[in-house]
Every structure is written in C-alpha cells, then in structure tokens.
Amino acid sequence: MKDVKPVKNNRSFEKVQPQISPDEDASVEGNLLVACEKVSSERYQAFVENIDEGVYEVDIHGNFLYFNQSLCNVFGYPKEEIQFQNFTKFMTEEYSKQAFETFNRIYKTGQGFSDLIWRIKDKKGESRIIEFSANQITDEDGKIIGFRGIARDISNKFRIQRALKESERRYKTLLDFVPHPLVVFTLDGHVSYLNPAFTRIFGWSLDELAGKRIPYIPPGLEEETSGNIRKLFEDGIILRYETQRLTKDDRILDVAFRAAVFSENEGEPSGELVLLRD
C-alpha cells in the first residue's frame, strides 16, 4: 500500500463572507427600523397605559381620539362614553369657553400650556377639579392635526387647600381680637401673621414684615434669643420668659413672652406662636 502524501496548498484560508446586494441591504435595514419602531411604540403604549395620569389626544376640534384608562378614572366616565366625544361635553359652559380659547391659542401660537385648572362633571354629576396640560400634534409636513396632553384629578388637593385657607381665615379673624401683641412665625423665623395689637405696640404692620424677620432683638441679646428658640423646639413651649424688644422707632420695651410650636398636620411642626406683654 502506497503512502498518501499530504497535498500542500500555498493559498491561505479565506473566510467566505455572504454577498448581499445593495437592495437586500436596504431591505434588511428597513425591516430593522420597522421592528425597532414597533418595539418602541409598544413600550411607549405600555408605559402610557400604566401611569396614574390621564393621557389624551384630541383632534383640532377637541374630539377625543386616544386616551388611556387613567383618563377614564380622572373624568369618571367609561371609555365608550369618552371616545370621539368633544371635551366640552364634560364641562360647564363657562369652562368649555375657556377650554376652547386655550386650545385656539395653542393652535395659533404653537405654545403649549401646563397646570391649567378646569372644573368638570363626572357621570354622577359630581364636580371634579382637573389639572390639564396640552401641546400641538403635527404631521410630517408640520401641519397641526390635534393636541396631546396630561390630565390629573386634583379634587382632594383642591379641597384640602380650600379648607386650609378657610381655617387660616378663621384663626386670623380670631387672633385679630387678642389684646396683646401676637406673632405667628414660620419654622425658619419669618413672619406669616401678626395682629393689630403688635402693630399698635411695636409699630410694624403685617404688610411691612410678611415673609421677613422682625428686627426687634436689641444688641447683645442675640445669643439669649437663639437659646430660647432652641429650647422652644426642644420642649415645644415656653410658658414665660422676661426679656427686652425693640420697637420700630428704636425704643426698648421690657416684655414677657409665651411661645409654642404649633402643628397643622399631626406630628410635624408648622411654625411658632409668640405672645408678648409689655
């Protein structure tokens, strides 16, 4: 049997690459872009459908074309009673006019809006306070074809704010009748309220000091005052402390004060209440 000798091949090994025509390459790239757009669209839609805020799209006439389930919750209507309906259906005549003017302004100027407050009626006829935002939707040619935005139900927030304002109005009316100087400070020591008795004794009005510190600490008493503030926040109350305070015309008055930390919400301090007697 003859020995088989290996055949030498002087050519180096070359990896064969598949040959793709320009047309095939363009087709592959196009399919990839379509696939990416589909995935992106699906992710966007999944995100929109799972957020708490209502997302909507309306045509240039204000008819609902697209919205998520959260918008149904915000409006208090089922989907089938919102689809293709005009936004004015859910508003009083006053707010409908305001909404029309707002969208018309966006159409003309191209400038969107946010934090616009509208009052609507839900299916039960109950009033809801809705916070809206909106921007233009344009086609590939830049033509305006509708509006897109977000809607939030802030009814509870609105009621709480209204209740706080009413409570504030009542306590200020009550404090106006206190015969001794009284000041309400924020936690950082700025004036949020002072009564007429304070103006009568010390000379400054609320208009002059609102949001500011009172310049009534005599020179040399700064450290004592800082100590009293620390004690007030540690103990929550100072029953009586005798000291001195300046008036607007630089007179020094001997005073005794009582102070307390108050809270508008349970557990969290909201400010300081200081009552002075000369």
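We now turn to the structure provided with this report. (Residues numbered from 1 in each chain as written. Predicted model: local features only at pLDDT ≥ 70, side-chain atom pairs only at ≥ 80, totals over all residues. Heavy atoms only, no water.)

Observations regarding the sheet that holds strand β5 (residues 144–153)
Then, in step 1: A sheet is described by the order of its strands in space; here 5 strands give the open sequence β2-β1-β5-β4-β3, paired in antiparallel fashion. At either margin of the open sheet sits one strand with a lone partner, and together these are β2 (64–67) and β3 (113–121). Looking at each pair of strands side by side, their axes are set apart by 30 degrees on average, direction ignored.
Then, in step 2: Alignment of β3 against strand β4 (residues 127–138), held across 7 bridges, turns out to be antiparallel. When the sheet's bridge partners are listed, R119 is paired in β4 with I129. (Pairing = 2+ DSSP bridges. Helix = DSSP H or I, 4+ residues; strand = E, 2+ residues; numbered from the N terminus. Axes fitted to C-alpha atoms, helices over the stretch in contact; angles between N-to-C directions.)

Some remarks on the layout of surface pockets
Then, in step 1: The computed volume of the largest pocket comes to approximately 390 Å³.
Then, in step 2: F185, Y216, T225, I229 and E272 are the residues nearest the centre of the largest pocket, which is lined by 21 residues in total.
Then, in step 3: Put simply, the parts of the chain that give the lining of the largest pocket at least two residues each are α7 (222–235), β8 (237–246), β9 (252–262) and β10 (271–277).
Then, in step 4: Counting residues per element, the lining of the largest pocket draws most heavily on α7, which supplies 5 residues.
Then, in step 5: Tallied by class, residues from the lining of the largest pocket come to 14 nonpolar, 3 polar and 4 charged.
Then, in step 6: Each pocket or cavity is described by its volume, and for the second largest pocket that value is around 330 Å³.
Then, in step 7: Along the walls of the second largest pocket sit 15 residues, with E168, Y171, V184, F262 and E264 positioned nearest its centre. (1 Å grid on protein atoms, 1.4 Å probe; cavity = no way out; pocket = protein on both sides within 12 Å on 5 of 7 lines; lining within 4 Å. Points joined across faces, edges and corners; volume = space filled by probe spheres on them. Nonpolar A, V, L, I, M, F, W, Y, C, P; charged D, E, K, R; others polar.)

Details of the sheet that holds strand β7 (residues 191–194)
Then, in step 1: Ordered by their spatial adjacency, 5 strands build an open sheet running β7-β6-β10-β9-β8, and the pairing between neighbours is antiparallel. One side of each edge strand has no neighbouring strand; the edge strands of this open sheet are β7 and β8. Adjacent strand axes in the sheet meet at a mean angle of 25 degrees when their direction is disregarded.
Then, in step 2: Alignment of strand β6 (residues 182–186) against β7, held across 3 bridges, turns out to be antiparallel. Residue F185 lies in a different strand from β7, and its bridge partner there is V191.
Then, in step 3: Contacts between α7 and the sheet are confined to β8, β9 and β10, with β8 contributing the most and set at about 160 degrees to the helix. (Contact = heavy atoms within 4.5 Å.)

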